[in-house]
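These are the residues of each chain, in order.
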Amino acid sequence: MNLQQINEIIEKEPAFRKKQIEKLIYGDAIDDFDKATVLSLKLREELKEKVSLKIEAEVFKSKNTKKALITLSDGLKIETVLMKHEDRTTVCVSSQVGCALKCKFCATGKLGLKRNLTSEEILEQVLFFKRTENINNVVFMGMGEPFLNYDNVLEAIRTLNNENAFNIGARHISISTVGIIEGINKLSNEKLQVNLAISLHAPNNKKRTKIMPISEKYTLEAILTAVNKYIKKTNRKVMFEYTLMENVNSSLTDAKELAKIMRRPLYLVNLIKYNNTEDFKAPSIETIKKFKGYLEKGGIYVTERYRFGGDIHAACGQLCLKK
Ligand code: SAH
């Protein structure tokens, strides 16, 4: 897809034309300007000639999940996942091509960072699925670190939010971060009701640094301080993602330590079963149950998410790495 030419083409058109085209492309999700019958034939023809609405993607399907490997205009590839839940459909978008953070358990980390995505490329991912499905939620939990591409991510969120475009409520949009403190601080000033999630994955900084080297720069303590400030300012819940890995972070001692730091108002722990890779494995269901039970007994608000699409390598970066 390539929308850059549009502004030039409609330069001499009345101001509302831009909104009209935004509505057609993002709101009505047209995939061909022939369908833009509200526009004059002349304008339609010119748009058709100079602007591409085609999204090049390879799709992999499993039971409740579809994964698209999208090729960008410079040939780089990114992953986008569609997850169907009983009551809603979520698109999981990438914010960067690859990632610079090198979390040990994450396939995207192995790719390194290629570049940031533009806001248009972020939107393209949601649009790809919107053309065939009704989308209710968007989560920034694909490849990359959204807070290291802050401006483009926020610009994309504004268009997702925009009634004239995607019309997805801010409460239905979540940003997941390893805990980039500047990003947490900035988000708290946006007056946007998007959800914040922190990828925690360890109950103390020593352990966390071993699997997430970024913890040397942004320590767990500093992240929690920033989160508390965020909560004070926004009065919004914060979700801590904790991916359980065997012999890494799933012992009862880990649960005990985690319970201690998570026992706070508006903190929510989301346990995720690890999608196995060559280097790490998920613990047994029994271990997960015990871990969860311990947190619950400790009065922690905890939910559990089973990873969708393990069979289509739907976990972060797995498909790109395979290719
Ligand atoms: N960089 C941001 C956004 C990516 S979110 C962040 O880390 O929050 C992707 C989530 O999937 C992260 O919580 C990451 O830790 C998790 N993840 C990565 N590989 C996984 C795997 N194999 N199984 C389960 N979760 C995984």
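What counts as what
- Residue positions within a chain follow its written sequence, with the count starting from 1.
- Where totals are concerned, whole chains, interfaces and linings use all residues; where local detail is concerned, this predicted model gives features only for residues with pLDDT of at least 70, and gives and counts side-chain atom pairs only at 80 or more.
- Hydrogens and water molecules were not included; the side-chain quantities draw on all heavy atoms of the structure.
- In this analysis, axes come from line fits to C-alpha atoms, helices being fitted only over the stretch in contact, and the angle between any two N-to-C directions falls in the range 0 to 180 degrees.
- Strands are runs of DSSP state E lasting at least 2 residues, helices are runs of H or I lasting at least 4, and numbering of each runs from the N terminus.
- Just so you know how the angles are binned, under 35 degrees is roughly parallel, over 145 roughly antiparallel, 65 to 115 roughly perpendicular, and the rest oblique.
- Contact definition: two residues touch when any of their heavy atoms are within 4.5 Å.
- Nonpolar residues are Ala, Val, Leu, Ile, Met, Phe, Trp, Tyr, Cys and Pro. Charged residues are Asp, Glu, Lys and Arg, and all others, Gly as well, are polar.
- Domains are outlined according to an automatic or database domain assignment.
- Put simply, buried area is the surface a 1.4 Å probe can reach on two separate parts but cannot reach once they are joined, added for both.
- To sort residues, take the accessible area from a 1.4 Å probe on protein chains only and compare it with the maximum for the residue type: under 20% means buried, over 50% means exposed, and anything in between is partly exposed.
- Counted as a polar contact is a pair of N or O atoms within 3.5 Å, where, for protein atoms, one must be capable of donating a hydrogen and the other of accepting one, and residues adjacent in sequence contribute only when both atoms are in side chains.
- The directions from the helix axis to the C-beta atoms are what the arc is built from.
- For each residue, the test is whether any non-hydrogen atom lies within 4 Å of the molecule or strand; if one does, the residue is near.
- For the area figures, the Shrake-Rupley method with a 1.4 Å probe applies, and any residue is considered shielded solely by the protein chains shown.

S.K.: Teacher, can you tell me more about the packing of helix α7 (residues 181–188) against helix α9 (residues 220–234) here?
M.R.: In helix packing, the relevant descriptors are the interaxial angle and the interaxial distance, both defined with respect to the helix axes. Orientation of α7 relative to α9, taken along the N-to-C sense of each, is 5 degrees, at an axis distance of 9 Å. Relative to α9, the element α7 is oriented roughly parallel. Residues Ile181, Ile184, Asn185, Leu187 and Ser188 of α7 form the contact with α9, whose participating residues are Ala222, Ile223, Ala226, Val227, Lys229, Tyr230, Lys233 and Thr234. Considering only residue class, the contact of α7 with α9 consists of eight nonpolar, three polar and two charged.

S.K.: Explain the domain arrangement of the protein chain here, please?
M.R.: Accessible area lost upon the coming together of the parts serves often as the stated size of an interface. The domain architecture assigned to the protein chain consists of domain 1 (1–54) and domain 2 (55–312). Using C-alpha coordinates to define each centre, domain 1 is positioned 34 Å away from domain 2. Listed per partner, the contact involves 15 residues of domain 1 and 13 residues of domain 2. Around 1200 Å² of area is buried between domain 1 and domain 2 when both sides are counted, 53% of it from carbon and sulfur atoms. A per-residue breakdown of the area domain 1 buries against domain 2 is headed by Met1, Tyr26 and Lys54, which together make up 50% of the total.

S.K.: Looking at this model, I keep getting lost on the side chain of Lys67. Mind explaining?
M.R.: Summarising the element assignment, Lys67 is placed in strand β2 (residues 65–71). Residue Lys67 is classed as buried on the basis of its relative accessible area of 0%. Among the polar contacts listed, one links the side chain of Lys67 to the side chain of Glu79, at a separation of 2.7 Å.

S.K.: Would you explain helix α10 (residues 252–262) in this entry?
M.R.: Residues three or four positions apart in an α-helix share a direction because the helix packs 3.6 residues into each turn. Every buried residue of α10 is listed here: Asp254, Ala255, Leu258, Ala259 and Met262. Relative to the axis of α10, the buried residues are bounded by an arc of 135 degrees and lie together on one face. Of the residues in α10, the exposed ones pointing more than 90 degrees away from the buried face are Thr253 and Lys260. Contact partners of the buried residues in α10: α8 (205–211), α9, β10 (238–244), β11 (267–273) and α11 (285–297).

S.K.: Would you explain the site of the ligand in this entry?
M.R.: Taken together, 21 residues are adjacent to the ligand, and Gly144, Ser176, Ser199, His201 and Asn275 come closest. Taking Gly144, its main chain carries an N or O atom lying 3.0 Å from a nitrogen atom of the ligand. The side chain of Ser199 places a nitrogen or oxygen atom 2.6 Å from an oxygen atom of the ligand. Computed on the free molecule, the ligand has an accessible area of 540 Å², of which 96% lies beneath the protein chains in the complex. Elements represented by at least two residues in the shell around the ligand include exactly β8 (173–177) and β10. Its residues placed into classes, the shell around the ligand shows nine nonpolar, nine polar and three charged.

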